[in-house]
Amino acid sequence: ADCDEVLVRISPKWVHLMHEKENFDYFNKFFRLSKDFDIEKSAPVILSRPEFYIDKWLMRNDILENHTIEEIAQAKKRMMDLYNVPDYYDNLKPTSLGKSLSFAVKNPILERLVIVTRTTPESLATKERFIKELFRGSTNKVDIYYVETNEKKSDVIRNLGNKISSIYEDEISNIEDIVTNCNNLEYCQLFIPSYGYNVNVPTEIFDLAKKNKNKIIYYNDK
């Protein structure tokens, strides 16, 4: 299982932080923000966004006309700094899937749960606390692999043996990577949480998964 947007949703809080009083005026120069932002009302919109990267989704159309490349790069860095804090995950709640897996891992029928998640050095400790708290009492059955930006999740998954029954992943590029490069998957179900940015998994990836006796399934996590 992936972590971000699978076990826990991180993007609504991220956009919320951009809207906080001390941040709003700065970020609003570069991104399309709203003075009436409400995280509860806006969360479904954020999760339905057509673009995976929040900065690309919110970026103003006239940004290049009004700002230099250096200023835009600085705005993106400051946005990333909102996430790269030592307590980002500490007040986040798990998704319904996260809760379900925390119960399932206590059942003897589930031998092991492996979390494969991309992370940054600054957020690693807070993410790890979240995962260990979610699976408290069952951490002996949970393995965590952290991959860096330039690493592929398939490099981890293809070395986990051939008894993988289910994979949970939200990002299309990772799904393509796993289906294409993990030859240890057979009769495996790849579950995708239904968000706006991942609705268009290429047909050839569905076909390749089917050819290898695997199945891609979308699910809604309310």
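See the structure above.
Residues numbered from 1 in each chain as written. Predicted model: local features only at pLDDT ≥ 70, side-chain atom pairs only at ≥ 80, totals over all residues. Heavy atoms only, no water.

A. Layout of the packing of helix H1 (residues 11-19) against helix H3 (residues 39-47). In contact at an axis separation of 9 Å, H1 and H3 are set at 120 degrees when each is read in the N-to-C sense. When the axes of H1 and H3 are compared, the pair comes out oblique. With respect to the hand of their crossing, H1 and H3 are arranged in right-handed fashion. Along its contact with H1, which presents Ser11, Pro12, Lys13, Val15 and His16, the element H3 presents Ile39, Ala43, Ile46 and Leu47. Its residues assigned to classes, the contact of H1 with H3 shows 6 nonpolar, 2 polar and 1 charged. (Axes fitted to C-alpha atoms, helices over the stretch in contact; angles between N-to-C directions. Helix = DSSP H or I, 4+ residues; strand = E, 2+ residues; numbered from the N terminus. Parallel < 35°, antiparallel > 145°, perpendicular 65-115°, else oblique. Left-handed = near helix turned anticlockwise from the far one by under 90°. Contact = heavy atoms within 4.5 Å. Nonpolar A, V, L, I, M, F, W, Y, C, P; charged D, E, K, R; others polar.)

B. Focus on the sheet that holds strand S4 (residues 189-193). Spatially, the 3 strands line up as an open sheet ordered S3-S4-S5, and their pairing is parallel. Sheet topology places strand S3 (166-168) and strand S5 (215-219) at the edges, where each strand pairs with a single neighbour. Across the sheet, the mean angle separating the axes of adjacent strands is 25 degrees when strand polarity is ignored. Of the pairings in the sheet, the one linking S4 to S5 comprises 5 bridges and is parallel in character. Bridge pairing in S5 places phenylalanine 191 opposite isoleucine 217. (Pairing = 2+ DSSP bridges.)

C. Geometry of the environment of aspartate 90. Looking at where aspartate 90 falls in the secondary structure, it is placed in the loop between helix H6 (69-83) and helix H7 (96-104). For aspartate 90 and asparagine 28, which are 62 residues apart along the polypeptide, the C-alpha to C-alpha distance reads 26 Å. With residues near it in sequence (within four places) discarded, aspartate 90 still touches Thr126 and Arg129. A polar side-chain atom of aspartate 90 sits 2.8 Å from a polar atom in the side chain of threonine 126. Among the polar contacts listed, one links the side chain of aspartate 90 to the side chain of arginine 129, at a separation of 2.9 Å. (Polar contact = N/O pair within 3.5 Å; in protein donor to acceptor, adjacent residues only side chain to side chain.)

D. Representation of the nonpolar core in the model. Formed by 44 residues in total, the largest nonpolar core has its most connected members in Phe31, Ile115 and Phe135. Sorting the residues of this core by element identifies H1, helix H2 (21-27), helix H4 (54-58), H6, H7, strand S1 (113-118), helix H8 (124-134) and S5 as the ones contributing at least two each. Per-element tally for this core: the top contributor is H6, with 5 residues. In this structure, phenylalanine 135 is in contact with Leu7, Gly98, Leu101, Ser102, Val105, Leu113, Ile115 and Val142, ignoring residues within four places of it in sequence. With 20 residues, the next largest nonpolar core counts Val147, Ile175, Ile205 and Ile216 among its residues. (Core = buried A, V, L, I, M, F, W, Y, C linked by side-chain atoms within 4.5 Å. Buried < 20%, exposed > 50% of the residue type's maximum accessible area, 1.4 Å probe, protein only.)

E. Geometry of the pairing of S4. Burial analysis of S4 places 4 of its 5 residues in the buried class, the great majority of the element. After leaving S3, the chain enters helix H10 (residues 172-181) and then returns to the sheet as S4, a path that is right-handed. Where the polypeptide runs from S4 across helix H11 (residues 203-211) and back to S5, its parallel neighbour, the crossover connection is right-handed. (Right-handed = clockwise from strand over helix to strand, strands pointing away.)

F. Expanded view of unusual backbone geometry. Not every positive phi belongs to a glycine, and tyrosine 187 is a case in point at roughly 55 degrees. Mapped onto the elements of the fold, tyrosine 187 is located in the loop between H10 and S4. Notably, lysine 213 is not glycine yet its phi reads approximately 65 degrees, a positive angle. Checked against the element boundaries, lysine 213 lands in the loop between H11 and S5. The class for lysine 213 is partly exposed, based on a relative accessible area of 43%.

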